[in-house]
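# Observations on the model geometry
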Amino acid sequence: MGLNQTASAERIHIGFFGLRNAGKSSLVNAVTGQETAVVSQVKGTTTDPVKKAMELLPLGPVVIIDTPGLDDEGDLGQKRVERAIKVLNYTDIAVLVVDAKRGMQDADRALLTRLQDKNIPYVIAYNKADLLENHPQNTPDSVYVSAQSGEGVDALKEMLGRIATGTENQKRVVADLLKPGDTVVLVVPIDSAAPKGRLILPQQQTIRDILEAGATAVVTRETELACTLTKLSKKPKLVITDSQVFGKVAGIVPEDILLTSFSILFARYKGNLAEAVRGAAQLDKLKDGDTVLISEGCTHHRQCEDIGTVKLPGWVGEYTGRKISFAFTSGGDFPEEVSSYALVIHCGGCMLNEREMLYRIRHCGDGGVPITNYGIAIAHMNGILRRSLAPFPVVQALLDE
């Protein structure tokens, strides 16, 4: 996909890390060929992670992230360092920028250990190589560069390109369930919360994946679904619905037609579908006074009938019959401490890359907190979870354990 077709969450995320004045921002600008980051001789110019989605040859569509210095000082500086470390949760490839004259420092070594512990591929870029009389040869995971003169920048990009080839997500949203000639019906509600004039990202990506499989996508609203099904000359292979109308759609689609939701497809594509299915069982164990965290990976204007902050809390309260408290996060915010929650219900994660989605799932698991997904929770509460997992029999079998 080109720049206009590739969502940020589908791009390889490349994070630049290092000490203040190691030349991270200058190297980012040299690699990207544009003023992506602010450069200054003053230590600590980069105070927050800076993201830039772009095309970068030979890699293709990427997100470049410039981070604050790992040796920032004071209370505010420590907060900046914590923000830089959090970037690791969604970094696919890391570039550790080291001042070539000073060499590796303790903070550099500590970050290197973190990268290895998290299995994040990395390159060590020894910057300011132009200030050395001579320097060692490059190695498979290190390169001598100069953001000032351009020395080694192409070599760094080539190294990133080779690593990127091995990190690309080969999974499909739905294409692996289809064969050429199949028909898939997509149910897309158009209400006050729908973006005016366009489809939301999961719907766009699913349609694209269906077309790439050589199948046919038929898009309809839930109000026209019954009529649409009667007009088709043959039975569709699959119906995919927006989660918020799951119950209504299940009542319309015949039992002999596979049915699932966009949210469930993305749980499989971006995260851990099995873990989310297990987490849904916690809905039956909630007690009065429990707190449920509802987390969205995107930030958007809240509508009066917003699914995350209005509909889901209402459905959970009605289903459980309990007095449940709710907390909400969105975008890049996700709590460091999750043990106070009885359950986390997460969106499909279409705006998060796979590494960050898996981090959130693992983080909840480490805290002993079940996590599930919008679509899976809604299917469970509507009594149709088993049916909605029929396209994935291995995961469906978990319901019998």
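Look above for the structure.
This one's a predicted model, so the numbers in the text were calculated from it and none came from an experiment.

### What to know about the overall build of the protein
Each helix and strand in the protein was counted, giving 14 helices and 14 strands. The C-alpha atoms of the protein give 24 Å as radius of gyration, which agrees with the globular expectation for 401 residues (21 Å, within 12%). Along the first, second and third principal axes, the C-alpha set of the protein runs to 75 × 50 × 40 Å. When the 401 residues of the protein are sorted by exposure, 53% land in the buried category. The long-range share in the protein, meaning contacts at least 24 apart out of those at least 6 apart in sequence, stands at 71%.

### A short note on the sheet that holds strand β1 (residues 12–18)
The sheet built from six strands is open, its strands ordered β2-β3-β1-β4-β5-β6 with mixed pairing. Taken across any chain shown, the strands that pair with only one partner, and hence form the sheet edges, are β2 (50–56) and β6 (142–144). Going across the sheet, the axis of each strand differs from the next one's by a mean of 25°, ignoring polarity. The pairing of strand β4 (residues 93–99) with strand β5 (residues 122–127) spans six bridges and is parallel. Paired with Val98 across the bridge in β5 is Tyr126. Running at roughly 175° to β5, helix α4 (residues 153–165) makes contact with β1, β2, β4, β5 and β6 of the sheet.

### Let's talk about the pairing of strand β13 (residues 343–346)
Burial along β13 is two-sided: Leu343 and Ile345 and Val344 and His346, pointing in opposite directions, are all buried. With four bridges joining them, strand β11 (residues 291–295) and β13 adopt parallel strand pairing. The residue of β13 that forms the bridge with Ser295 is His346. Pairing of β13 with strand β14 (residues 371–373), which is carried by three bridges, proceeds in the parallel orientation. Each bridged residue has a counterpart across the sheet, and for Ile345 the counterpart in β14 is Thr372. With respect to chirality, the unit in which β13 leads through helix α11 (residues 354–366) into the neighbouring parallel β14 is right-handed.

### Digging into the packing of helix α8 (residues 262–270) against helix α12 (residues 374–381)
The axes of two packed helices give the description: the angle between them and the distance between them. In the contact formed by α8 and α12, the axes pass within 7 Å of each other and the chain directions differ by 130°. It follows from the interaxial angle that α8 and α12 lie oblique. Along this stretch, α8 crosses α12, giving a crossing that reads as left-handed. Mapping the contact onto sequence places Ser263, Ile264 and Ala267 in α8 and Tyr374, Gly375 and Ile376 in α12. When its residues are assigned to classes, the contact of α8 with α12 shows four nonpolar, two polar and no charged.

### Concerning the environment of Gly181
The topology assignment puts Gly181 in the loop between α4 and β7 (183–187). Among the residues examined, Gly181 registers a relative accessible area of 38% and is labelled partly exposed. Sequence spacing of Gly181 and Val143 is 38 residues, and the spatial spacing of their C-alpha atoms is 49 Å. The contact partners of Gly181, leaving out residues within four places of it in the chain, are Gly214, Ala215 and Lys234.

### Observations concerning the sheet that holds strand β8 (residues 216–220)
Across the sheet, which stays open at both edges, the four strands sit in the order β8-β7-β9-β10 with parallel pairing between neighbours. At either end of the open sheet lies a strand with only one pairing partner, and these are β8 and β10 (258–261). With direction set aside, neighbouring strand axes in the sheet form an average angle of 25°. In this sheet, β8 lies alongside β7 in parallel orientation, the contact comprising five bridges.

### Observations concerning helix α1 (residues 24–32)
Across the nine residues of α1, seven count as buried, placing the element largely inside the fold. Every buried residue of α1 is accounted for by Lys24, Ser25, Leu27, Val28, Asn29, Val31 and Thr32. The inward-facing, buried residues of α1 contact β1, β2, β3 (60–66), β4, β5 and α4. Gly33 sits one or two positions beyond α1 and adopts a positive phi of about 75°.

### Some thoughts on the nonpolar core
The biggest cluster of nonpolar side chains holds 63 residues, and the ones touching the most others in it are Val174, Leu273, Ile345 and Ile376. Not counting residues within four places of it along the chain, the set of residues in contact with Ile345 comprises Val292, Leu293, Ile294, Ser295, Leu312, Val316, Thr372, Asn373, Tyr374 and Ala377. In this structure, Phe17, Leu112, Ile120 and Ile124 belong to the second largest nonpolar core, which totals 25 residues.

### Focus on the packing of aromatic side chains
On inspection of all chains with the given rule, the structure shows two aromatic pairs. Ring plane angle 80° and centroid distance 5.8 Å describe the contact between Phe266 and Tyr269, whose orientation is recorded as edge-to-face. You can see Phe266 and its partner Tyr269 sitting in helix α8, three residues apart, about one turn around the helix. Cation over ring: Lys51 sits above Tyr90, and NZ or CZ is 4.3 Å from the ring centre.

Definitions and cut-offs
- Residues numbered from 1 in each chain as written.
- Predicted model: local features only at pLDDT ≥ 70, side-chain atom pairs only at ≥ 80, totals over all residues.
- Heavy atoms only, no water.
- Helix = DSSP H or I, 4+ residues; strand = E, 2+ residues; numbered from the N terminus.
- Rg over C-alpha atoms; globule rule 2.2 N^0.38 Å.
- Buried < 20%, exposed > 50% of the residue type's maximum accessible area, 1.4 Å probe, protein only.
- Contact = heavy atoms within 4.5 Å.
- Pairing = 2+ DSSP bridges.
- Axes fitted to C-alpha atoms, helices over the stretch in contact; angles between N-to-C directions.
- Right-handed = clockwise from strand over helix to strand, strands pointing away.
- Parallel < 35°, antiparallel > 145°, perpendicular 65-115°, else oblique.
- Left-handed = near helix turned anticlockwise from the far one by under 90°.
- Nonpolar A, V, L, I, M, F, W, Y, C, P; charged D, E, K, R; others polar.
- Core = buried A, V, L, I, M, F, W, Y, C linked by side-chain atoms within 4.5 Å.
- Phe/Tyr/Trp six-rings, centres within 6.5 Å; stacked < 30°, edge-to-face > 60°.
- Lys NZ or Arg CZ within 6 Å of the ring centre and 35° of its normal.

Interpretation note: all reported values are geometric properties and have no functional meaning in isolation.
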